[in-house]
Amino acid sequence: MYEATEKQQKLACGQYVLAVLAALLQGAAVPPLPAGLTWPQVYALAKAHALECMVLAGVEPQLQAEPELLAAWRRRRDLDTVQTLTQISEQQRVLAAFSQAGIPVLRVKGSALRALYPRPEYRQMSDIDLVVRAENADRACALLRTLGYQQKPTKHPEQKDAEFALPPYMGLEVHTNLLAPHEKRAAYYQQQDIWAKARQEPGLPGVYCLRPEDEYLYQLAHFLKHYESAGIGLRQVLDLYLCWQAWGSRMDAAYLGRECEKMQITTARTTMEQLAQYCFGKPAARPSAAVLHMQQECILSGVYGTAELWRQREIEAAQHTGQKGWKLRYFCQRLFPPVEYLRVRYPRLHRCPWLYPFYWLCRLLDFGSWKKNFRTEIAQLKNADRRG
């Protein structure tokens, strides 16, 4: 996926960023930049993981010899800080409107975790995630439009999820469940009432958050959703670490164990928790090979993964079927993807499914959109053969 030297540089840079973040969290001295790395590399990696505000807080005193980069990094921090303040203000306005309209709403993900960070702008996020009951989805969307939000075209309307924007800084997503129906662990959430596990927040009737145990379980499931698909970044590892630091001693361990068994993530949970401690805490033992592998993939992934890693996962899944001709079937699927994939790229298929063959052909003829990945994909297939 990467040239060897580029991969080694990214991994070394990732290790330094982790050391900076760990020093900030533990109140220790931030280490100097290691030999062989440059500050532009550190900035690029911090930005790829949506951690530039927190990393700058640690390394700013060392950047005096890089005035142009320091100025650019500070501008980026200032923009992120403005976005954070806008999100906090808008979230209060939106939740108050939901409460007044009598629409129960559940805060999850970044908006529920931001308070765990040393400073709110350290938990950067592009949007706010809210969950409503399916029967209230249309009312919730209508309410947001009255508040000035612009609804974006829906990629998967059958899921009743909706995306909204209030330029220049606000994004907001409305969901009707914690995981979409097609996702691997969706059945766990479909078989229970998440609202029965929520608790009302003080001051705003009808505004809820999950109990610490259930928010933590959701963070684990959300982490794995992305990690198993296209990868996930260091910010989400930091989320897990801060959740455990804040809630670990008061969460019901037996309940967590039972629910992880139901989701079949017990082994993965152990690896994720060990990774979080290895990256940001004081690990009690030498990390396992699984932890080191997950850390490497997280460093190389960025916030929500890469196309290269997604293709690698798809190739591995095809290879692990053990069937003859798996490469041919893989290429057929890539050349003629299912309609769900094409709907994302060609939203008109939602209204005109009979155009499916036409858009297949359009995608094949749009050589410019996929030729840059062709050589990488061929190399990945050859590597899979060697490993096999």
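In this text, all values refer to a predicted model and were calculated from it rather than measured experimentally.

**Looking at the overall build of the protein chain**
Part 1 of the reasoning: Counting its secondary structure elements, the protein chain contains 17 helices and seven strands.
Part 2 of the reasoning: Radius of gyration (C-alpha) of the protein chain: 22 Å, near the 21 Å computed for a compact globule of 388 residues.
Part 3 of the reasoning: Across the 388 residues that make up the protein chain, the buried fraction comes to 47%.
Part 4 of the reasoning: When the accessible surface of the protein chain is summed, it comes to about 19,500 Å², and 55% of that surface belongs to carbon and sulfur atoms.
Part 5 of the reasoning: For the protein chain, the distance from the average site of its 49 positive side-chain charges to the average site of its 38 negative ones is 4 Å.

**Structural notes on the packing of helix H8 (residues 212–227) against helix H11 (residues 266–280)**
Part 1 of the reasoning: Running from amino to carboxyl end, H8 crosses H11 at an angle of 95°, the nearest separation of the two axes being 11 Å. If you check the angle between H8 and H11, you find them roughly perpendicular. Residue-level contacts link Tyr-216, Leu-220, Phe-223 and Leu-224 of H8 to Ala-268, Arg-269, Met-272 and Glu-273 of H11.
Part 2 of the reasoning: Of the residues in the contact of H8 with H11, the class split is six nonpolar, no polar and two charged.

**Describing the pairing of strand S7 (residues 207–210)**
Part 1 of the reasoning: One ladder, built from three bridges, connects strand S1 (residues 105–108) with S7; its direction is parallel. For Arg-107, the partnering residue across the bridge sits in S7 and is Cys-209.
Part 2 of the reasoning: As judged from the three bridges shared by strand S6 (residues 198–200) and S7, these two strands associate in the antiparallel manner. Within S7, the residue paired with Gln-200 across the bridge is Tyr-208.
Part 3 of the reasoning: From the end of S6 to the start of S7, which pair antiparallel, there are six residues, and Gly-203 there has a positive phi angle of about 95°.

**Quick word on the nonpolar core**
Part 1 of the reasoning: Residues Val-55, Trp-73, Tyr-189 and Phe-223 are the most contacted members of the largest nonpolar core, which totals 71 residues.
Part 2 of the reasoning: Leaving out residues up to four positions away in the same chain, Tyr-189 has contacts with Asn-177, Leu-178, Leu-179, Ile-194, Leu-217, Tyr-218, Ala-221 and Met-263.
Part 3 of the reasoning: Counting 23 residues, the second-largest nonpolar core is a separate cluster that includes Val-94, Ile-128, Val-132 and Leu-144.

**Side note on the pattern of salt bridges**
Part 1 of the reasoning: Under the defined criterion, the tally for this structure stands at 20 salt bridges.
Part 2 of the reasoning: Between Arg-77 and Glu-60 there is a salt bridge, and its shortest N-O distance comes to 3.7 Å. On the criterion of sequence distance, the pair formed by Arg-77 in helix H4 (residues 67–101) and Glu-60 in the loop between helix H3 (52–59) and H4 is long-range, its members being 17 residues apart.
Part 3 of the reasoning: The class of Arg-77 is partly exposed, set by a relative accessible area of 24%.

**Notes on the packing of helix H2 (residues 39–48) against H4**
Part 1 of the reasoning: H4 packs onto H2 with a crossing angle of 15° between their chain directions and a minimal axis gap of 11 Å. Between H2 and H4, the angle falls in the class roughly parallel. In terms of crossing hand, the pair formed by H2 and H4 is left-handed. Residue-level inspection shows Trp-39, Pro-40, Val-42, Tyr-43, Ala-46 and Lys-47 of H2 in contact with H4, the latter providing Leu-69, Ala-72, Trp-73 and Arg-76.
Part 2 of the reasoning: A breakdown of the residues in the contact of H2 with H4 according to their chemical character gives eight nonpolar, no polar and two charged.

**A short note on unusual backbone geometry**
Across the chain, the bulk of peptide bonds are trans and the bulk of non-glycine residues have phi less than zero.
Part 1 of the reasoning: The residue after Pro-167, namely Pro-168, is reached through a cis peptide bond having omega 5°.
Part 2 of the reasoning: The topology assignment puts Pro-168 in the loop between strand S4 (162–166) and strand S5 (170–175).
Part 3 of the reasoning: The phi torsion at Ala-50 lies on the positive side, around 55°, for a residue other than glycine.
Part 4 of the reasoning: The topology assignment puts Ala-50 in the loop between H2 and H3.
Part 5 of the reasoning: Phi is positive for Lys-109, close to 60°, though the residue is something other than glycine.
Part 6 of the reasoning: Take Lys-109: it is sitting in the loop between S1 and helix H5 (110–113).
Part 7 of the reasoning: Looking at Lys-109, the relative accessible area reads 15%, which means it is buried.

**Re the packing of aromatic side chains**
Part 1 of the reasoning: Tallying each qualifying case throughout the model produces ten aromatic pairs.
Part 2 of the reasoning: Here Tyr-188 and Tyr-189 contribute two aromatic rings whose centre-to-centre distance is 4.9 Å and whose plane-to-plane angle is 85°, an arrangement assigned as edge-to-face.
Part 3 of the reasoning: Joined through ring pairs, the aromatic side chains of Tyr-188, Tyr-189 and Tyr-218 make up one cluster.
Part 4 of the reasoning: One cation-aromatic arrangement involves Arg-211 over Tyr-255; the distance from NZ or CZ to the ring centre is 5.1 Å.
Part 5 of the reasoning: One residue, Arg-313, lies across the ring of Tyr-227, its end atom 4.9 Å from the ring centre.

Criteria and cut-off values
- Residues numbered from 1 in each chain as written.
- Predicted model: local features only at pLDDT ≥ 70, side-chain atom pairs only at ≥ 80, totals over all residues.
- Heavy atoms only, no water.
- Helix = DSSP H or I, 4+ residues; strand = E, 2+ residues; numbered from the N terminus.
- Rg over C-alpha atoms; globule rule 2.2 N^0.38 Å.
- Buried < 20%, exposed > 50% of the residue type's maximum accessible area, 1.4 Å probe, protein only.
- Areas by Shrake-Rupley, 256 points an atom, 1.4 Å probe, with all protein chains shown as cover.
- Lys, Arg positive; Asp, Glu negative; His and termini not counted.
- Charge placed at Lys NZ, Arg CZ, Asp CG, Glu CD.
- Axes fitted to C-alpha atoms, helices over the stretch in contact; angles between N-to-C directions.
- Parallel < 35°, antiparallel > 145°, perpendicular 65-115°, else oblique.
- Contact = heavy atoms within 4.5 Å.
- Nonpolar A, V, L, I, M, F, W, Y, C, P; charged D, E, K, R; others polar.
- Pairing = 2+ DSSP bridges.
- Core = buried A, V, L, I, M, F, W, Y, C linked by side-chain atoms within 4.5 Å.
- Salt bridge = Lys/Arg side-chain N within 4 Å of Asp/Glu carboxyl O.
- Left-handed = near helix turned anticlockwise from the far one by under 90°.
- Phe/Tyr/Trp six-rings, centres within 6.5 Å; stacked < 30°, edge-to-face > 60°.
- Lys NZ or Arg CZ within 6 Å of the ring centre and 35° of its normal.

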